[in-house]
Amino acid sequence: RLDVLAVEIDRQQDLLFANGSAGAPPKLLLVLQGLDTSGKDGTARSVFARCSPLGVRVAAFKAPTEVERAHDFLWRVHAVVPRAGEVVVFNRSHYEDVLVPFVEGWIDAKARDRRLAHIVAFERLLHDAGTRVLKCYLHISKEEQKARLQARVDDPAKRWKFNLGDLDTRAKWKRYLAAYETALAATSTAAAPWYVIPADSKSNRNLMIATLVERTLREMKLKPPKPDFDPAAVQIV
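What comes next is a walk through the structure. Computed from a prediction, not measured in an experiment: that's the story for all the values here. Think of each chain on its own: its residues are numbered from 1, step by step along the sequence as written. The model is predicted, so local features are restricted to residues of pLDDT at least 70 and side-chain atom pairs to those at 80 or more, both for listing and for counting; the totals for chains, interfaces and linings are taken over all residues. Excluding hydrogens and water, the side-chain values take into account all heavy atoms of the structure.

## What to know about the sheet that holds strand β2 (residues 56-60)
Put simply, the test is: Should DSSP find at least two bridges between two strands, the strands are regarded as paired. Runs of E in the DSSP output that reach at least two residues are strands. Runs of H or I that reach at least four are helices, and both are numbered from the N terminus. Between N-to-C directions, angles cover 0 to 180 degrees, with each direction set by a line fitted to C-alpha atoms, over the stretch in contact for helices. We call two residues contacting when some pair of their heavy atoms lies within 4.5 Å.
The strand order across the open sheet formed by five strands is β2-β3-β1-β4-β5, and the pairing between neighbours is parallel. Strand pairing shows two members of the sheet lacking a second neighbour, β2 and β5 (194-198), which therefore form its edges. Strand-to-strand twist in this sheet, taken as the mean axis angle between neighbours without regard to direction, amounts to 20°. Of the pairings in the sheet, the one linking strand β1 (residues 27-34) to strand β4 (residues 131-139) comprises eight bridges and is parallel in character. Residue pairing in the sheet places Gly34 in a bridge with Leu138 of β4. Packed on one face of the sheet, helix α6 (residues 109-128) meets β1 and β4 and runs near 135° to β4.

Okay, structure coming up:
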């Protein structure tokens, strides 16, 4: 089923890319959020496995650089949103700036709430400019995260993925879940809905998100653009 969806997503993505020069060019933004090991990389690889890299781009967000910190928190995000006819996957996103700073005590609840309001307005701007915004929170259990972190430590080929800082975040598990609950409740809108995806099963996680992406693309009612020439008058010799 996942492979069937991947083929259909590729077909729809081709149409999306082909319409990139239309009068109101469509775009799709898929936001993937979740705690460490929830599978953001794996989801992107699986869901878009059949797609051309010309029309699908992944933007990953790590700790802000010195230049990024010198601007407002959405500055680095707005620079990488989808261009006309493009699908963009956010591996983490602007939501990091209302989760980590709040849980770590760098901003208070008032500052967080202001940022949440800015995010709602920002996503409305994207929507009004023709971008479909689809947001998925990959919800992993603490037991499954433990198993996946241990697997990284045990496998020499995957140890580079392990960061001791992941253990600090894990120690604040309940605080991060509470921060996520607040953020999702404040920013799930008709223009940019949140979907909570059970992520303990990788295959079911991928299938659910592929289903959402395929359905969203289909709802955009994409059609091949009309050529700017008369096909009947063209003869290839």
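## Some thoughts on the pattern of salt bridges
Here is the rule: The rule for a salt bridge is simple: a side-chain nitrogen of Lys or Arg has to be within 4 Å of a carboxyl oxygen of Asp or Glu. Here's how the labels work: a residue is buried when its accessible area is under 20% of the maximum for its type, exposed when over 50%, partly exposed in between, all with a 1.4 Å probe on protein chains only.
By the definition in use, this model includes 16 salt bridges. Between Arg92 and Asp36 there is a salt bridge, with the nearest N and O atoms lying 2.8 Å from each other. Here Arg92 is found in the loop between β3 (87-91) and α5 (96-103), whereas its partner Asp36 is found in the loop between β1 and α2 (40-47), with 56 residues between them in sequence. Between Glu219 and Arg132 there is a salt bridge; the shortest N-O distance is 3.3 Å. Taken together, the residues Glu219 in helix α10 (residues 202-219) and Arg132 in strand β4 connect sequence positions 87 residues apart. On the accessibility criterion, Glu219 (42% relative accessible area) is partly exposed. Among the charged side chains, a network of salt bridges with common partners joins Asp36, Arg92 and Glu96.

## Thoughts on unusual backbone geometry
Notably, Thr37 is not glycine yet its phi reads approximately 75°, a positive angle. With respect to the helices, strands and loops of the structure, Thr37 is situated in the loop between β1 and α2. Located in the positive-phi region is Lys221, a residue other than glycine, with phi close to 50°.

## Quick look at the nonpolar core
A general trend in soluble globular proteins is that nonpolar side chains are found buried together. The condition that has to hold: Side-chain atoms within 4.5 Å link the members of a nonpolar core, which is a set of buried Ala, Val, Leu, Ile, Met, Phe, Trp, Tyr and Cys residues.
Counting 30 residues, the largest nonpolar core has Leu29, Phe90, Tyr95, Val98 and Leu99 as the members making the most contacts within it. Mapped by element, the contributors of at least two residues to this core are β1, β3, α5, α6, β4 and α9 (173-187). Among the elements that make up this core, the one with the highest residue count is α9 (six residues). Apart from the residues within four sequence positions on either side, Leu29 is in contact with Pro82, Val88, Phe90, Leu126, Thr131, Arg132, Val133 and Leu134. If you look at the next biggest cluster of nonpolar residues, it comprises 26 residues, including Leu16, Leu138, Ile209 and Leu222.

## Things to note about the layout of surface pockets
Selection criterion: Only protein atoms enter the calculation, which uses a 1 Å grid: trapped sets of points that fit a 1.4 Å probe without letting it out are cavities, open sets showing protein on both sides within 12 Å along at least five of seven lines are pockets, and any residue with an atom within 4 Å of a point is a lining residue. Grid points are joined across faces, edges and corners, and a volume is the space filled by probe spheres set on the points. Note that Gly is not counted as nonpolar here; it falls among the polar residues with everything else outside the nonpolar set of Ala, Val, Leu, Ile, Met, Phe, Trp, Tyr, Cys and Pro and the charged set of Asp, Glu, Lys and Arg.
Looking at the largest pocket, its volume works out to about 1,700 Å³. As for the largest pocket, its lining consists of 49 residues, and the residues nearest its centre are Asp36, Lys40, Phe61, Arg92 and Asp166. For the lining of the largest pocket, the elements supplying multiple residues, two or more each, are α2, α3 (66-69), α5, α7 (142-154), α8 (165-171), α9 and α10. Considering each element in turn, the lining of the largest pocket owes the most residues, five residues, to α5. Of the residues that constitute the lining of the largest pocket, the class distribution is 16 nonpolar, nine polar and 24 charged.

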